[in-house]
Structure formats: structure tokens, C-alpha cells
Amino acid sequence: MTLEQQTTFKIYDILDTEGLSYFYRGDLTQSITDGILALTETNLKKANEPVKVKKRVYTILVEGLQNITRHQDESGKWKSFFGVEQSGEFYYITMANIILNENQDNLTSQLDKINSLEKDELKEFYKKTLMENELSEKGGAGLGLIEMARKSGNKLQYAFKKLSDKWSYFYLRTYIKHNFAAVNSDDTHLNFGNIFDLHEQLDKENVLIIFNGIFNQESLINLLSIIESQMAGQAALKKKVFNIMVELLQNIVKHGKSPIKQEGNPGLFYISYSENGYKLHTGNYIESSRIDSLKASIENVNKLNNKELNEFYDKRLFNFQIDNNKESGLGLIELRLKSNSKLKYAFKETSEKYTFFTIEVTIKD
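Quick summary incoming for the structure in this document. (Residues numbered from 1 in each chain as written. Predicted model: local features only at pLDDT ≥ 70, side-chain atom pairs only at ≥ 80, totals over all residues. Heavy atoms only, no water.)

A word on the overall build of the protein chain
Scanning the protein chain for helices and strands turns up 13 helices and 10 strands. Look at the contacts in the protein chain between residues 6 or more apart in sequence, and 70% of them connect residues 24 or more apart. Entry remark: accessible area of the protein chain is about 18,400 Å², with carbon and sulfur atoms responsible for 47%. (Helix = DSSP H or I, 4+ residues; strand = E, 2+ residues; numbered from the N terminus. Contact = heavy atoms within 4.5 Å. Areas by Shrake-Rupley, 256 points an atom, 1.4 Å probe, with all protein chains shown as cover.)

Side note on a negative patch on the surface
Together, Glu118, Asp120, Glu121 and Glu124 make up a region of like negative charge exposed at the surface. Judged by its relative accessible area of 41%, Glu121 is partly exposed. (Patch = residues over 30% accessible without salt bridge, like charges linked within 9 Å, V, L, I, M, F, W, Y side chains within 5 Å. Salt bridge = Lys/Arg side-chain N within 4 Å of Asp/Glu carboxyl O. Lys, Arg positive; Asp, Glu negative; His and termini not counted. Charge placed at Lys NZ, Arg CZ, Asp CG, Glu CD. Buried < 20%, exposed > 50% of the residue type's maximum accessible area, 1.4 Å probe, protein only.)

Let's talk about helix α7 (residues 193-204)
A rise of 1.5 Å per residue sets the reference length of α7, with its 12 residues, at 16 Å; its end C-alpha atoms lie 17 Å apart and thus fit the reference within 8%. Looking at the residues trailing α7, positive phi occurs at Asn206, about 55 degrees. (Expected span 1.5 Å × (residues − 1).)

Remarks on a positive patch on the surface
A surface patch of like charges, here positive, comprises Lys52, Lys119, Lys123 and Lys127. Of note, Lys127 is situated in helix α5 (residues 119-132). The exposure class assigned to Lys127 is partly exposed, which follows from its relative accessible area of 43%.

Digging into the pattern of salt bridges
Taken as a whole, this structure holds 8 salt bridges when the rule is applied. The shortest N-O distance in the salt bridge between Arg25 and Asp203 comes to 2.5 Å. With a gap of 178 residues between them, Arg25 in strand β1 (residues 20-26) and Asp203 in helix α7 connect regions that are remote in the sequence. Judged by its relative accessible area of 6%, Arg25 falls in the buried class. Residues Glu85 and Arg173 are paired through a salt bridge, measuring 2.4 Å at the closest nitrogen-oxygen approach. Taken together, the positions of Glu85 in strand β2 (residues 80-87) and Arg173 in strand β5 (residues 167-177) put the pair 88 residues apart, joining distant regions of the chain. This pair shows no difference in class: Glu85 is buried, exactly as Arg173 is. One continuous salt-bridge network, built from bridges that share partners, spans Glu247, Glu334 and Lys338.

Overview of unusual backbone geometry
The phi dihedral of Asn206 falls on the positive side, at around 55 degrees, and the residue is not glycine. Along the chain, the position of Asn206 falls in the loop between α7 and β6 (207-214). According to the relative accessible area criterion, Asn206 is partly exposed, its value standing at 26%. One non-glycine residue with positive phi stands out, namely Asn340, at about 55 degrees. Inspection of the secondary structure puts Asn340 in the loop between α13 (330-339) and β9 (344-349).

Some details on the packing of aromatic side chains
One pass over the full model with this rule turns up 13 aromatic pairs. With a centroid separation of 5.2 Å and an interplanar angle of 70 degrees, the aromatic rings of Tyr285 and Phe356 are classed as edge-to-face. Remark: Phe356 occurs in strand β10 (residues 354-364) and Tyr285 occurs in strand β8 (residues 277-287); sequence separation between them is 71 residues. Take Tyr285 and Phe356: they sit in the same class, and that class is buried. In this structure an aromatic cluster arises from ring pairing among Phe90, Tyr92 and Tyr175. Across the ring face of Phe125, the terminal group of Lys113 is positioned such that the distance to the ring centre comes to 5.6 Å. One Lys or Arg, Arg173, reaches over the ring of Tyr92 and ends 5.1 Å from the middle of that ring. (Phe/Tyr/Trp six-rings, centres within 6.5 Å; stacked < 30°, edge-to-face > 60°. Lys NZ or Arg CZ within 6 Å of the ring centre and 35° of its normal.)

Written out as C-alpha cells, the structure reads:
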């Protein structure tokens, strides 16, 4: 098992695999922000949430993304971090950007003040802050924080993680309960331990974006939009990445399984970048009975050269006795042909019936 595959399983263990989550790590631009908002809107629509819930989640997202954009590291050394999770009765929204260590006390005072106020007091505090404080080039004097607290109806959780003598990561997390009831902190099981672990893993592997949830065509389109805005390199490389990404995600939609009764197949996708190119990773559930046949199929396509792959592809394509792509293995052959690299894979048994299957495709510049 490669280090990247070990990372995939670590991420799988950190995330709530029965919920929805996606995390973005990198510099934020307007087009990337638009893609994140569209991805959220799609998933809120699929979840059939009430209009009020959608509006509150959306407003918090906008405020959080604007805050990160104002304060992201212009040198590019420290990457911003943003995530949305849906688990059980809650939507959790997490964001992180760098701040100067000397500003921690002032920010802590602001957040503690906001967290001490009740609903009506927050409303008055917002008006007072709006009237009395001038807007700086970095945005309103805490207005975004106040608005996030008002819209969530709950306290803002925060933490700092020191990066150097000068800089720290500032983590902010808030949450919305589906029925809008205020949540006592003792009832939430929220902590930054998993977030720190996940962020560390994403930094280590230089991950651009990760999506964990139910895959469909709308999610695919929004993911492609975000990645297109983030990717560096030539148009030919981007096109190759897109083609392989589509093939991998469609494989989850067509051939994945769900351990619980729900519409669609759950899966995990993330893309990482190195100086040599990109690595695409997917994970999804399969029936454990398929492990041996799937392993044999991958090993078979991995041992063939390009000429043999093309001949094998044509042979399988025109074998009309095989009535579906799952049996023919055309998707695996296409991944090998388009990437020109061997497929790496691993299995992690999660129950007697189901196994979590991961596949990794390397695309070199």
C-alpha cells in the first residue's frame, strides 16, 4: 500500500462516512468561491432542506468565504482551509486562515463578546457595530462574525494553531441544527481534533479539494468548476485531468454500493498536486465478494503496454457477449490509456459484506 493510499484511509477514518463533507484547501478566488457555493446549493437541494435552513447555511458560507479571502496569505506559503459537513442533525461549517500572533488577544475578545450575547442582544450589537465602526480595507469590524453567530443561532467555536513566531492558523467553526433549536455546547461532540488531523493530512499531501458524500452529475459539474479554477498547467494537462476525473467519479455512480439504504452511492474523492503533476484518488464501497475479480482485472491492465491495452480495449469493446462495462473492464482500460500510468489500489474491509475500495491515478506533466 502506498503512502497516498494510507492517507486515503486516514482521511476515510477521520470523516463521517455516513454524512456529507467537502473541504477546500488553497487560495480562494471569485470563481472558486462561486463553485463552492454552487456545490453547497446542489447538496442542500438534494437534502430537501427547508428554505430557512438553506438561507442560513448559505449566508454563513458567504461570510466565511469572504473572511478567508480578505485574510488569506498573499505569499502562498500558508493555504486557507474551508469545509462543510452534514452529519446527523447538524450542518457544520469550518474555516481557517492565517493571522498575526499579535492579533489573537483582540480576536479572542471579539469572539467571547459575541458568544456572551443572546439573540436580541446580538441584533443590537450588530447595529451598534455597524454605526460606530469604520470599515477597514480588510472588511467590517467583526460584522461578519456577528452575522455568522446570528444566522447559526449558536456559539462560534474557535481555536488557534501556531505556525511560526509571527503567524498562526485561526480556526472558526459554527453549526446549524435542522430544526433551528439552539444547541448547548455539551450536546455537540464538536472539537478541533479531527479538523487539525484532516488539515494536516491535506497539507502533507498538497490536496486541493476533497469531497465525501453522495455522487451525482450536478456534484461532478461543480467539482470540475472548482478544480478548473485552481489548477495550474497547460490546457492539455487540464483536459486529461478532467477526463480521468469524470471516469473515476462515474465509476462510483455506476458501480459503487451503499452499506445503508439511501439514494445514490457514497464515495470519497480528492485531488493532490506535486511538481510532477496531479494525483486523483477515489474511494467507494464494493461488495466484498468482488475483491478477487476486481484485483485480477486491475493487475491485468497494469501489466499491458499501450499497444496491448488498445488491442485489449477493442477486443472487450466489441465482445457483445459482455453486456455491461462492469464486466468488460473498459473503465479501467481507459484510465490506464488516458493516464499512461499504472493504477494503484487498495481494499479495506468494513464489514462482512462490504469493502472500501480505493484507486489512485497519477497524471504527469
